[in-house]
Amino acid sequence: KQEVTQIPAALSVPEGENLVLNCSFTDSAIYNLQWFRQDPGKGLTSLLLIQSSQREQTSGRLNASLDKSSGRSTLYIAASQPGDSATYLCAAGGGNQFYFGTGTSLTVIP
Amino acid sequence: DAGVIQSPRHEVTEMGQEVTLRCKPISGHNSLFWYRQTMMRGLELLIYFNNNVPIDDSGMPEDRFSAKMPNASFSTLKIQPSEPRDSAVYFCASSPRGGSVGNTIYFGEGSWLTVV
């Protein structure tokens, strides 16, 4: 069974810093890897989707990379802002379902 | 599209009562997922449907939980009888074709359940 791990569980950075969130998965036979954002009291919103044949995807200040062979994905956030404070979850898609990590809670301090 | 719609948004009920959570997936999506989220265990997959058929219900905690999808536009998750440990946020999500190539998953806003 696919297992997805996210480290660290929580991260606090000052505004303006660049930061990296990590996601690892045990089974490389995935169709895609997605990053989600969850604000308190809300559902999950998809940020970036990387197909298994791709290496990275970018959206604005966000860049996600995928290395299937090592079972890793990273989410890079450039020039962090207080509005980026949220929980970030990654999910590996495969076998007709999605396997979620436990998330990284990010706080950006003004 | 209105997105995945869940009801109720919040429910407080007494132990032993029946709870029914409802979900309307995005039109045209043929995979539907029920997740439970708690601080202790994170996001857990309870059950998912493909073309209205339950594919994997191994995440359903016990016989007190049941889920149905009578048609492509409606699903229910029922807890009977409810217990305080069932208190959590229950998310419904849908996807065009599950976790296969190119597909993302769309979440509802969740149903916040408190059992006292």
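Placed above this text is the structure.
What counts and how
Here the residue numbers are simple positions, counted from 1 along each chain's written sequence. Chain labels run from A onward and ligand labels from 1 onward, assigned in the order the entries are written. Given that the model is predicted, a residue must reach a pLDDT of at least 70 before its local features are reported, and side-chain atom pairs must reach 80 or more before they are shown or counted; all residues, however, enter totals for whole chains, interfaces and linings. Excluded from the side-chain calculation are hydrogens and water; included are all heavy atoms of the structure. The helix and strand labels rest on DSSP assignments: H or I over at least four residues marks a helix, E over at least two residues marks a strand, and numbering proceeds from the N terminus. Accessibility here uses a 1.4 Å probe with only protein chains present; expressed as a share of the type maximum, an area under 20% marks a residue as buried, one over 50% as exposed, and anything in between as partly exposed. Two rings from Phe, Tyr or Trp (for Trp, the six-membered ring) form a pair when their centres are within 6.5 Å of each other. A pair whose planes differ by under 30 degrees is stacked, one over 60 is edge-to-face, and the rest are tilted. When DSSP locates at least two bridges between a pair of strands, those strands are taken to pair. An axis is simply a line fitted to the C-alpha atoms; with a helix, the fit covers only the stretch in contact. Between two such axes, the angle follows the N-to-C directions and lies from 0 to 180 degrees. Cysteine sulfur pairs qualify as disulfides if the two atoms are within 2.5 Å. Here, two residues are considered to be in contact whenever any of their heavy atoms come within 4.5 Å of each other. Here the quantity called buried area is the total loss of accessible area, with a 1.4 Å probe, experienced by two parts when brought into contact, counted for both. The term salt bridge refers to a pairing of a side-chain nitrogen on Lys or Arg with a carboxyl oxygen on Asp or Glu at a separation within 4 Å. Contacts described as polar in this section are N or O atom pairs within 3.5 Å, which, within protein, must combine one atom able to donate a hydrogen with one able to accept it, while residues neighboring in sequence count only if both atoms come from side chains.

Enquirer: I'm lost on the overall build of chain B in this one. Help?
Expert: Within chain B one finds zero helices and eleven strands. The order of α-helices and β-strands along chain B, N terminus first, is β-β-β-β-β-β-β-β-β-β-β. Considered along the principal axes of its C-alpha atoms, chain B spans approximately 40 × 30 × 30 Å. Of all 116 residues assigned to chain B, the portion counted as buried reaches 49%.

Enquirer: Before we go on, may I ask you to explain the packing of aromatic side chains in this structure?
Expert: The geometry of an aromatic ring pair comes down to the distance between the two centres and the angle between the two planes. Under the counting rule described, the total for this entry stands at nine aromatic pairs over all chains. On the numbers, 6.1 Å between centres and 80° between planes, the contact of F36 of chain A with F107 of chain B is edge-to-face. Of this pair, F36 of chain A sits in strand β4 (residues 32-38) while F107 of chain B sits in strand β10 (residues 106-107), each in a different chain. You'll find F36 of chain A and F107 of chain B in the same group, each marked buried. One aromatic cluster is present, formed by F36, F98 and F100 of chain A together with F33, Y35, Y48, F91 and F107 of chain B through successive ring pairs.

Enquirer: How should the sheet that holds strand β8 (residues 72-77) of chain A be read in this particular structure?
Expert: One key point about sheets: their strands pair by backbone hydrogen bonds, in either a parallel or an antiparallel sense. Residues and elements named next belong to chain A. Strands sit in the order β1-β3-β8-β7-β6 across an open sheet of five strands; the sheet is antiparallel. Every other strand in the sheet has two partners, leaving β1 (4-7) and β6 (56-59) as the edge strands with one partner each. The average undirected angle you get between the axes of adjacent strands in this sheet is 15°. In this sheet, β8 lies alongside strand β7 (residues 62-67) in antiparallel orientation, the contact comprising six bridges. Residue pairing in the sheet places D67 in a bridge with R72 of β8.

Enquirer: Where do I start with the pairing of strand β3 (residues 19-24) of chain B in this structure?
Expert: Regular strands have side chains that alternate between both faces of the sheet. Residues and elements named next belong to chain B. Bridge analysis of strand β1 (residues 5-7) against β3 gives three bridges, and the strand direction is antiparallel. Each residue of the ladder has a partner; that of S7, found in β3, is R22. Across five bridges, the pairing between β3 and strand β8 (residues 74-79) is antiparallel. Bridge pairing in β8 places L21 opposite L77.

Enquirer: I would appreciate a short explanation of the state of the cysteines in the present structure.
Expert: Here, disulfide denotes a covalent bond that connects the sulfur atoms of two cysteines. Evaluation of the coordinates by the stated rule reveals two disulfides over all chains. A sulfur-sulfur distance of 2.0 Å marks the disulfide that ties C23 of chain A to C90 of chain A. Taking the sign of the S-S torsion, about 80° here, the bridge from C23 of chain A to C90 of chain A comes out right-handed. Of the two residues, C23 of chain A sits in strand β3 (residues 19-25) while C90 of chain A sits in strand β9 (residues 86-94), which places them 67 residues apart along the sequence. On the basis of relative accessibility, which here comes to 0%, the residue C90 of chain A falls in the buried class. Across the disulfide from C23 of chain B sits C92 of chain B; the S-S distance is 1.9 Å. Judged by the sign of its S-S torsion, about -65°, the bond between C23 of chain B and C92 of chain B is left-handed. Remark: C92 of chain B occurs in strand β9 (residues 88-95) and C23 of chain B occurs in strand β3; sequence separation between them is 69 residues. Accessibility expressed as a relative area gives 1% for C23 of chain B, which makes it buried.

Enquirer: Is there a simple way to think about the interface of chain A and chain B in this case?
Expert: Quoted interface sizes are often the accessible area lost when the parts come together. Opposite the 19 residues of chain A that make contact, chain B presents 25 residues. At the boundary of chain A with chain B, total buried surface from both sides reaches about 1,700 Å², with 54% on carbon and sulfur atoms. Taken as a group, N96, Q97 and F98 of chain A account for 33% of the area that chain A buries against chain B, more than any other trio of residues on that side. The tally of links from chain A across to chain B stands at one salt bridge. Two residues, K42 of chain A and E109 of chain B, come together in a salt bridge whose shortest N-O distance is 3.7 Å. Inspection of the chain A/chain B interface yields three residue pairs in polar contact (both at pLDDT 80 or more).

Interpretation note: all reported values are geometric properties and have no functional meaning in isolation.
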